[in-house]
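Given next are the chains, with one letter for each unit.
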Amino acid sequence: MSRLTTSRQWRRFRTVTAAITTTAALVALSGCGGAADAGAGTKYLVGFPALLSGPAAFAGVPITEGAKLAVKEINASGYLGDGKTVDLKIDDIKGDPAKAIALYRQYVADGASGVLCCGLSSEAGALAPMIKQSKVPAIVSSAILAGLAEPPYVYRPVVLPAESGGLYDQFVDTVVPKEGIKTAVMVVTSDNDGMVGDAKVWKAALERNGVNVVRTINTSAADTNYTQAATEVQSLNPDAVVASMLGTPAALLSKSLRERDYGKRILTSYGVDSAELFKSSGGGLAGALFAVPFQAGFTTNERATKFTADYKAEYQKDPDMYGAQGYTAMWLMAEAIKQAGDKDPSKVADALQKVSKQDTVYGELSYKNGQASLSGKGAYLEWSKDGVLVEWKR
């Protein structure tokens, strides 16, 4: 297939796709044609063990919504070829990594071409060995566990804010001097490897900017009462609290802090990018500031603008970061299936391995060793007292 043909295809689908720019070898691969089972009327099974209930549902539900919207666009546009469609099978793991493993095995037995997975780092850590053994490729939707991406079977379009020079480094370098932060207390979800890894990056960035991290308070992902942590913060009275925490714990901590009249800045991750979490914080997230690669209404990216409109039309609400993650993950899988031209997961894995760039709602992602990266600072947002996200004025 020529580059001209590829360009024409892109123009045909640009209104509904987050298309992926691949290497010349991948373009050549797409012209090879698929096996007999990939003809007209073919359905490509993609499994998705999802977080539809439990504490992480605030993220898991929009992730699946984004993935389903992508599938709707892929199938309606004929992106995979005439009569070829994605059959996305979504099942609730109920927050249980063991359930995710059982479902992944079932998808493999059912002939899946690939799997979307791994909303949480705990799930990712449990599934990764199984994925590599079974050799059915997986696209990680949101887990930030360090070192997770591992071609040819595990790929992650998730932008890792803790990478060197990434969102956290740029965020701290920009915000700390502007807000005159001199002292900070860190609160960490210490039984989550992703949050522990992020905490090291937060601390190094803070100290590089001359901030005295006076204490680090360790908490558990299962904690529901943050009275002790909040009381300890109040007694130390730092200029800022830095929460390297999962979304729900960060919201509950913020609630406890505000109830104890701690009115200073809270810096945290985009895990709090959820109107549902703002409500559960009782307004405690007001003043919480974070960096995010995508947020509806705060980007001029053409694909982000269209995604926002389509998502709102489909679900009667604006997408959040998690919806964007599910959408991006599904489009990456679809492009690999398209280029492989075959249901065979090994051929889909080969196609994924050749992806170098992806044009997405975040902007252009670059892939190295299966991990996406984004050059750019994203948006810096804070929750207002009215529960509205507003852009931080740099």
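Up top is the structure these notes are about.
Structural notes, computed from the coordinates.

What counts and how
Residues numbered from 1 in each chain as written. Predicted model: local features only at pLDDT ≥ 70, side-chain atom pairs only at ≥ 80, totals over all residues. Heavy atoms only, no water. Helix = DSSP H or I, 4+ residues; strand = E, 2+ residues; numbered from the N terminus. Expected span 1.5 Å × (residues − 1). Buried < 20%, exposed > 50% of the residue type's maximum accessible area, 1.4 Å probe, protein only. Contact = heavy atoms within 4.5 Å. Salt bridge = Lys/Arg side-chain N within 4 Å of Asp/Glu carboxyl O. Pairing = 2+ DSSP bridges. Right-handed = clockwise from strand over helix to strand, strands pointing away. Phe/Tyr/Trp six-rings, centres within 6.5 Å; stacked < 30°, edge-to-face > 60°. Lys NZ or Arg CZ within 6 Å of the ring centre and 35° of its normal. Axes fitted to C-alpha atoms, helices over the stretch in contact; angles between N-to-C directions. Parallel < 35°, antiparallel > 145°, perpendicular 65-115°, else oblique. Left-handed = near helix turned anticlockwise from the far one by under 90°. Nonpolar A, V, L, I, M, F, W, Y, C, P; charged D, E, K, R; others polar.

Our next topic: helix H6 (residues 167-179). Between its first and last C-alpha atoms H6 spans 18 Å; for 13 residues at 1.5 Å apiece the expected length is 18 Å, and the two agree. Among all positions in H6, only Leu-167, Tyr-168, Asp-169, Gln-170, Phe-171, Val-172, Thr-174, Val-175 and Val-176 are buried. Summarising the contacts, the buried residues of H6 are in contact with helix H7 (193-208), strand E9 (265-268), strand E10 (288-292) and strand E14 (379-383). Phi turns positive one or two residues past the end of H6, at Gly-180, with a value near 65°.

On to the pattern of salt bridges. For the coordinates displayed, the defined rule picks out 15 salt bridges. A salt bridge links Arg-303 to Asp-359; the nearest nitrogen and oxygen atoms lie 3.0 Å apart. Highlighted residues: Arg-303 in helix H11 (residues 302-315) and Asp-359 in strand E11 (residues 357-360), separated in sequence by 56 residues. A relative accessible area of 15% places Arg-303 in the buried class. Take Asp-359: its relative accessible area is 21%, and that puts it in the partly exposed class. Across the pair Lys-312 and Asp-318 runs a salt bridge, and its minimum N-O distance is 3.9 Å.

Going residue by residue along E9, you find Arg-265 and Leu-267 tucked away on one face and Ile-266 and Thr-268 tucked away on the opposite face as well. Judged from the 4 bridges that link them, strand E8 (residues 240-244) and E9 form a sheet pairing that is parallel. For Val-242, the partnering residue across the bridge sits in E9 and is Leu-267. Strand direction decides the pairing type here: E9 and E10, joined by 2 bridges, are parallel. Across the sheet, Leu-267 pairs through a bridge with Leu-289, a residue of E10. Following the backbone out of E9, through helix H10 (residues 275-280) and into the adjacent parallel E10, one traces a crossover that is right-handed.

Turning our eyes to something else, we now look at the packing of aromatic side chains. Any aromatic ring pair is given by two values, namely how distant the centres are and how the planes are angled relative to each other. Counted under the stated rule, the structure contains 11 aromatic pairs. Between Phe-58 and Tyr-322 the ring centres are 5.8 Å apart and the planes differ by 85°, which places this aromatic pair in the edge-to-face class. Of this pair, Phe-58 sits in helix H3 (residues 57-77) while Tyr-322 sits in helix H12 (residues 321-340), and the two are 264 residues apart along the sequence. Judged on exposure class, the residue Phe-58 and its partner Tyr-322 are both buried. An angle of 85° between the planes, with centres 5.1 Å apart, marks the rings of Phe-171 and Tyr-380 as edge-to-face. With Phe-171 in helix H6 and Tyr-380 in strand E14, this pair connects stretches of sequence that are 209 residues apart. Given a relative accessible area of 1%, Phe-171 falls into the buried group. The side chain of Lys-338 reaches across the aromatic face of Tyr-79, ending 4.8 Å from its centre.

In a packed pair of helices, the relevant descriptors are the angle between the two axes and the axis-to-axis distance. With their axes 9 Å apart at the nearest point, helix H8 (residues 227-236) and helix H9 (residues 247-259) run at an angle of 50° to one another. Overall, the two elements H8 and H9 adopt an arrangement that is oblique. Our pair here, H8 against H9, has a crossing hand that is right-handed. Residues Thr-227, Ala-229, Ala-230 and Val-233 of H8 pack against Leu-253, Ser-256 and Leu-257 of H9. Its residues assigned to classes, the contact of H8 with H9 shows 5 nonpolar, 2 polar and no charged.

Through backbone hydrogen bonds, the strands of a sheet pair up, either in parallel or in antiparallel fashion. Taken in spatial order, the 3 strands make up an open sheet running E11-E12-E13, and their pairing is antiparallel. What marks the edges here is a single partner per strand, and that holds for E11 and strand E13 (371-373). The mean angle between the axes of side-by-side strands here comes to 30°, regardless of whether they run parallel or antiparallel. Taken together, the 4 bridges between E11 and strand E12 (residues 363-368) define a ladder with antiparallel strand orientation. Paired with Thr-360 across the strands is Gly-363, a residue of E12.

As a further point, take the sheet that holds strand E5 (residues 154-155). On the basis of which strands lie adjacent, the open sheet formed by 5 strands has the order E2-E1-E3-E4-E5 and parallel pairing. Each having just a single partner strand, strand E2 (85-92) and E5 make up the two edges of the open sheet. The strands that H3 touches are strand E1 (43-50), E2 and strand E3 (114-117); relative to E2, the one it contacts most, it runs at about 165°. Here helix H5 (residues 121-134) sits on the sheet in contact with E1, E3, strand E4 (138-140) and E5, set at roughly 165° to E3.

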